[in-house]
Amino acid sequence: MAIITVTPSKSVKNVLVKGMMDNVMEQFNNAADHINLHPNIRKILSITNNEIIVHFPVKMDNGEVEIFTGYRVQHNNALGPYKGGLRYHPTVDIDAARALAMWMTWKTSLAGLPYGGGKGGIQLDPSKYSEGELERITRRFTFALADNIGPEHDIPAPDVNTNSQTMAWIADTYMSTRPPAERTANQHVVTGKPEGSGGLEGRDRATGYGVFLNIKFWIENKNETLQGKKFIVQGFGNVGYWAAHFLEEQGAKLVAVQDAFGSLENQNGIKVEDLFNYSKAKKGSIVDFPEASPLDTESFFTTECDICIPAALGNQITKENASTIKAKLIAEGANGPTNVEGEKILLERGITIIPDILCNSGGVVGSYFEWLQNRNGEMWQLDEVITKLDKKMRESFNKVYEYSETEGIGLRTAAYCIAIKRIEKAYVQRGIFP
Ligand code: GLU
């Protein structure tokens, strides 16, 4: 007889994401105060529109059935369909999904996209499951979400521990469960698909490339170059790897890396491709890479460097470590990596933070291009993608930089102000139904 087990245990919950909602709300309220946001719109944006929680059973390889909990939070759709990733991680819960969905609303608005914000995922540790189990979990989750997602309604994408394969399973399941005449027309229900299945050339590197561009723009504004600049990266997944790849190409030097398994340092430089190939062969772990020395977890952020790229999870830079950070620039590849207390310390120390909603927005901009490609039945080429991405990222960076200079506020608050104003305008024009 099948045994039903509930996974995962509450003890692993929220270790890294505690307070994410507090952070996003404080960031939002700071900006709302600055622009004197209308109280009614503040009320609307302070809460999520819809929160979907699904519990669903999946048959494991050993024949047992396990019950999983999946989330999809739809924060706001004033500017267009909900948009945002799905993550597979033990820290996924309703609070994390709410905060991450809100960040997506600001991110898509700031980028000038016709999207709102959503986020979700499943509370699990994917390393504990086989490829076949992950496929069945993903397909059953998609089935459970049913019409709560859709190409003109809510469009998921990859996030922590999900990738183009995950998106291919979602697209296939969603399309397979549509009425026959609608099946192929629904490819853009997700973005970040593999290139052979409607995916966009270059979507894989879009987030990391955008992080790199933001760093480059900031350095150029200071009349400096990336040549010889030292940088550290937390998280060597899709975002961390690609950001490091492009920075190295411009002569910058990767001097420390941290992933979920360990940390490494080499002040003479760690070769990005070598580390990438090594970690690929070691199931995604950087541990014991021969051309660097191991570093203890706590020392990672204190490494001597010019640029620090947190590209893993939320709440990594806090009051515990912000005063020991050596970098002059923090480029947020992850969502919410710096909490409010950590940020206060960094700003007092004169350290610049390129905020997540600007810094990592290349990913969702790439997603928008993929969505357009599918919707219009087109096939975009890589050079076209890169040219368009460059332009979008440049526009966003300049807008935020200039606003922050003229208003005398930090880049994060500036980015929020621009994002919120665009949503406010839509509400003012349309009014509130009924
Ligand atoms: N998960 C990515 C993010 O946090 C991409 C979202 C998307 O492309 O919809 O921005």
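These numbers come from a predicted model, not from an experiment.

Novice: I tried to follow the confidence of the model for the protein chain on my own but got confused; where do I start?
Specialist: Any residue range with low pLDDT should be treated as having predicted coordinates unsuitable for detailed reading. Considering every residue of the protein chain, the mean pLDDT works out to 95; 96% of them sit at 70 or more. Every residue in residues 1–17 is under pLDDT 50, and counting partners more than four places away or in other chains gives 31 contacts.

Novice: How should I be thinking about the nonpolar core in this particular structure?
Specialist: Core analysis: the biggest nonpolar cluster contains 91 residues, and W106, I215 and I309 have the highest contact counts within it. The dominant element in this core, judged by the number of residues it contributes, is helix α13 (residues 411–430), at eleven residues. Contacts of I309, omitting those with residues within four sequence positions, involve V211, I215, F231, I232, V233, Q234, L247, A331 and G333. Y129, I137, I170 and A171 belong to the second-largest nonpolar core, a separate cluster that totals 24 residues.

Novice: Could you clarify how one ought to interpret the packing of helix α6 (residues 203–221) against helix α11 (residues 362–375) in this entry?
Specialist: When two helices pack together, their arrangement is given by the angle between their axes and by how far apart the axes lie. In the contact formed by α6 and α11, the axes pass within 7 Å of each other and the chain directions differ by 145°. Here α6 runs over α11; the crossing is right-handed. Here α6 contributes R203, A206 and T207 to the contact with α11, which in turn contributes G362, G363, V364, G366, S367 and E370. Within the contact of α6 with α11, the residues separate by chemical class into two nonpolar, five polar and two charged.

Novice: Before we go on, may I ask you to explain the side chain of T138 in this structure?
Specialist: With respect to the helices and strands, T138 occurs in helix α4 (residues 131–145). The exposure class of T138 is buried, given its relative accessible area of 0%. If near-sequence neighbours (up to four positions away) are discounted, T138 is found in contact with Y88, T166, W169 and I170.

Novice: What's the story with the site of the ligand in this structure? I'm lost.
Specialist: Around the ligand sit 14 residues in total, of which K83, K107, P158, D159 and S367 are the nearest. D159 is positioned with one of its side-chain polar atoms (N or O) 2.7 Å from a nitrogen atom of the ligand. With the chains in place, 95% of the 300 Å² that the ligand exposes on its own is no longer accessible. Contributing elements (two or more residues each) for the shell around the ligand: β4 (82–88), α3 (94–110), β6 (154–158) and α11. Taken together, the residues of the shell around the ligand sort by class into four nonpolar, five polar and five charged.

About the criteria used
Residues numbered from 1 in each chain as written. Predicted model: local features only at pLDDT ≥ 70, side-chain atom pairs only at ≥ 80, totals over all residues. Heavy atoms only, no water. pLDDT = per-residue confidence, 0-100. Contact = heavy atoms within 4.5 Å. Core = buried A, V, L, I, M, F, W, Y, C linked by side-chain atoms within 4.5 Å. Buried < 20%, exposed > 50% of the residue type's maximum accessible area, 1.4 Å probe, protein only. Helix = DSSP H or I, 4+ residues; strand = E, 2+ residues; numbered from the N terminus. Axes fitted to C-alpha atoms, helices over the stretch in contact; angles between N-to-C directions. Left-handed = near helix turned anticlockwise from the far one by under 90°. Nonpolar A, V, L, I, M, F, W, Y, C, P; charged D, E, K, R; others polar. Near = heavy atom within 4 Å. Polar contact = N/O pair within 3.5 Å; in protein donor to acceptor, adjacent residues only side chain to side chain. Areas by Shrake-Rupley, 256 points an atom, 1.4 Å probe, with all protein chains shown as cover.

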